[in-house]
Amino acid sequence: MTLNPKLTKLLNEQINNEMSSSYVYLAMAGWFERTPYAGFAQWMFAQSREETMHALKFYQYLVDRDAKVELQPIDKPKMDYKSVMDAFQHSLKQEEKVTQQINDLYEVAEQVKDHASKNLLLWFLNEQMEEEKTVRDMLDRLKLAGDDAASLLVLDREAGSRKSAGGGSRSSMVGGGA
């Protein structure tokens with residue numbers, strides 16, 4: 001079954017959305033690298049990698065459906081944040097934005113009766129619920145920590161223990177030590 005042209009266009013846009021999201025998280029990781037919070041930098045780097053994997057999943061889906069892949073430019077992301085809380089609040093907004101994009105895609109797939117695309121998008125919707133929950137949980141813990149440096153360092157250490165999509169640590173992915 002040939003992929004509907006409108007859905008093809010939107011799936012190509014979603015590749016860009018996911019890569020843009022990856023870029024946002026990479027910028028957040030870069031911001032955290034300039035702070036004492038190496039664990040939060042690790043967390044954001046892992047998130048960036050996961051978003052790239054999502055873009056590649058959409059890419060492969062288009063290829064598998066014999067549809068044309070059309071990549072688009074990625075906008076420059078926000079580079080500075082006021083605080084750890086500010087960065088994670090932006091992270092939640094980013095996840096909510098992606099969730100809405102996936103919901104919109106699902107509606108189009110439903111309209112054109114493309115059940116294979118709906119199946120793919122259901123996977124992403126479940127993933128987005130998990131992503132939003134993870135960020136909301138961290139925000140709740142950051143609110144409890146407030147400005148307490150010791151509490152923030154504990155959360156930073158926990159954030160740094162998060163595994164990236166595909167397993168490896170940030171340092172092994174960028175050529176650093178294990």
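This text follows the structure it describes.
Since this is a predicted model, take the numbers as computed values, not measurements. (Residues numbered from 1 in each chain as written. Predicted model: local features only at pLDDT ≥ 70, side-chain atom pairs only at ≥ 80, totals over all residues. Heavy atoms only, no water.)

1. A closer look at the packing of aromatic side chains
So, point 1. Enumeration according to the criterion identifies nine aromatic pairs in this entry.
So, point 2. Measuring from centroid to centroid gives 5.8 Å for Trp31 and Tyr81, while their planes differ by 75°, and the two rings are edge-to-face. With Trp31 in helix 1 (residues 5-33) and Tyr81 in the loop between helix 2 (38-64) and helix 3 (84-111), this pair connects stretches of sequence that are 50 residues apart.
So, point 3. Looking at Tyr81, the relative accessible area reads 7%, which means it is buried.
So, point 4. Members of the aromatic cluster, each reached through a chain of ring pairs, are Trp31, Phe32, Tyr37, Phe40, Trp43, Tyr81 and Phe88.
So, point 5. The ring of Trp123 carries the charged tip of Lys57 above its face, separated from the ring centre by 4.0 Å.
So, point 6. Just above the ring of Tyr81 sits the side chain of Lys78; from NZ or CZ to the centre is 5.1 Å. (Phe/Tyr/Trp six-rings, centres within 6.5 Å; stacked < 30°, edge-to-face > 60°. Helix = DSSP H or I, 4+ residues; strand = E, 2+ residues; numbered from the N terminus. Buried < 20%, exposed > 50% of the residue type's maximum accessible area, 1.4 Å probe, protein only. Lys NZ or Arg CZ within 6 Å of the ring centre and 35° of its normal.)

2. What about the packing of helix 4 (residues 115-145) against helix 5 (residues 149-160)?
So, point 1. Orientation of helix 4 relative to helix 5, taken along the N-to-C sense of each, is 160°, at an axis distance of 9 Å. On the basis of the axis angle, helix 4 is roughly antiparallel to helix 5. The crossing of helix 4 and helix 5 is right-handed. From helix 4, Met138, Arg141, Leu142 and Ala145 reach across to helix 5, where they touch Ser151, Leu152, Leu155, Glu158 and Ala159.
So, point 2. For the contact of helix 4 with helix 5, the class distribution of residues is six nonpolar, one polar and two charged. (Axes fitted to C-alpha atoms, helices over the stretch in contact; angles between N-to-C directions. Parallel < 35°, antiparallel > 145°, perpendicular 65-115°, else oblique. Left-handed = near helix turned anticlockwise from the far one by under 90°. Contact = heavy atoms within 4.5 Å. Nonpolar A, V, L, I, M, F, W, Y, C, P; charged D, E, K, R; others polar.)

3. Topic: the nonpolar core
In summary, soluble globular proteins display a tendency toward joint burial of nonpolar side chains.
So, point 1. Judged by nonpolar contacts, the single largest core of 26 residues is most densely connected at Phe32, Phe40, Met44, Val84, Phe88 and Leu142.
So, point 2. For this core, the secondary-structure elements that each account for two or more residues are helix 1, helix 2, helix 3, helix 4 and helix 5.
So, point 3. If you look at the next biggest cluster of nonpolar residues, it comprises 19 residues, including Leu7, Leu11, Val98 and Ile102. (Core = buried A, V, L, I, M, F, W, Y, C linked by side-chain atoms within 4.5 Å.)

4. Let's talk about the packing of helix 1 against helix 2
So, point 1. Packing of helix 1 against helix 2 leaves a shortest axis separation of 8 Å and a crossing angle of 165°. With respect to helix 2, the element helix 1 is oriented roughly antiparallel. When the axes of helix 1 and helix 2 are compared, the crossing they make is left-handed.
So, point 2. In terms of residue class, the contact of helix 1 with helix 2 is made up of 17 nonpolar, nine polar and three charged.

5. Thoughts on the environment of Ala41
So, point 1. Here Ala41 shows up in helix 2.
So, point 2. Separated by 96 residues in sequence, Ala41 and Asp137 have C-alpha atoms that sit 17 Å apart.

6. Some words on unusual backbone geometry
So, point 1. Positive phi outside glycine occurs at Asp66, with the angle close to 60°.
So, point 2. Note that Asp66 resides in the loop between helix 2 and helix 3.
So, point 3. Here the phi dihedral of Lys113 falls at roughly 55°; this positive angle occurs in a residue that is not glycine.
So, point 4. Along the chain, the position of Lys113 falls in the loop between helix 3 and helix 4.

7. A short note on the pattern of salt bridges
So, point 1. Across all of its chains, the model carries six salt bridges by this definition.
So, point 2. Residue Asp114 is joined to Arg65 by a salt bridge in which the shortest nitrogen-to-oxygen separation is 3.2 Å. Residue Asp114 is found in the loop between helix 3 and helix 4, and its partner Arg65 is found in the loop between helix 2 and helix 3; the two are separated by 49 residues along the sequence. Each member of the pair, Asp114 as well as Arg65, is classed as buried.
So, point 3. In this structure, Arg141 and Glu158 form a salt bridge, with 2.6 Å as the shortest nitrogen-oxygen distance. One end of the pair, Arg141, is in helix 4; the other, Glu158, is in helix 5, and 17 residues separate them in sequence. (Salt bridge = Lys/Arg side-chain N within 4 Å of Asp/Glu carboxyl O.)

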